[in-house]
Amino acid sequence: MKDKIKKFFKHPLVVRVLGTLIASLILLVTPIVFGWFELSDVLNALKTAFVFEVQIWIVLSILLLLAVGFLLVKHFKKTPNYTEDKFGKLNLMWRWDLEKNGEKWEVINLFPYCSECDMPMSETFEDYDSGNENYLCTNCDCCYYYIDPKIIKQKILDNIKRGKIKKTRTS
Ligand SMILES: [Zn+2]
């Protein structure tokens, strides 16, 4: 019986048929196997994840570089140390910040303070006799003429241009 089976499998026709069948089976099974693993989907997912992570890293790196660059520019553009002056009878302090384009310094946080007691003054009142607006120090009842902040800022920049810096306080 065994011999008959061996002879059957060794027959040229059977070998050819079996060979064709096996080859067909491989061709048939291969896509199914890949289908089970969904290799293309796995590759796409990996690709997407990789690209996504790369984009995040690029964005983060660019943001970090911009932040460092901005800080470096700000650091090397030395802040003017002219932060205090007297305009008329009004004492004023302010801070400097770079303008949005990063080219020029601008005056910010401009505030008046009392020359008698150093008390910051933000409230103004109108003098009924003269019609002028004044700053009032509620601490010592001194009052000072109000000057438009725009005009003061122009005067500050003008003083720097002309080298008329009366006094400075390191900020
Ligand atoms: Zn005062």
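A. Here's a closer look at unusual backbone geometry. We note that Asn109 has phi near 50 degrees; this positive angle belongs to a residue other than glycine. One can find Asn109 in strand β3 (residues 105–113). Located in the positive-phi region is Asp118, a residue other than glycine, with phi close to 65 degrees. Within the secondary structure layout, Asp118 lies in the loop between β3 and β4 (124–126). Look at Asp118 and you get exposed, because 11 C-beta atoms sit within 10 Å.

B. Quick peek at the sheet that holds strand β6 (residues 143–145). In space, the three strands of this open sheet follow the order β4-β5-β6, with antiparallel pairing throughout. Edge positions in the sheet fall to β4 and β6, since each of these pairs with one other strand and no more. The average angle at which neighbouring strand axes cross in this sheet is 40 degrees, direction not considered. Relative to strand β5 (residues 133–136), β4 is paired through three bridges, and the arrangement is antiparallel. Each bridged residue has a counterpart across the sheet, and for Glu126 the counterpart in β5 is Glu133.

C. A look at the nonpolar core. Cys114, Met121, Tyr135, Cys137 and Tyr144 form the largest nonpolar core, which has five residues in total. Contact partners of Tyr135, with chain neighbours within four places excluded, come to Leu90, Pro112, Met121, Thr124, Cys143, Tyr144 and Tyr146.

Rules behind the numbers
- Residues numbered from 1 in each chain as written.
- Predicted model: local features only at pLDDT ≥ 70, side-chain atom pairs only at ≥ 80, totals over all residues.
- Helix = DSSP H or I, 4+ residues; strand = E, 2+ residues; numbered from the N terminus.
- Buried ≥ 20, exposed ≤ 12 C-beta atoms within 10 Å, placed from the backbone.
- Pairing = 2+ DSSP bridges.
- Axes fitted to C-alpha atoms, helices over the stretch in contact; angles between N-to-C directions.
- Core = buried A, V, L, I, M, F, W, Y, C linked by C-beta atoms within 7 Å.
- Contact = placed C-beta atoms within 7 Å.

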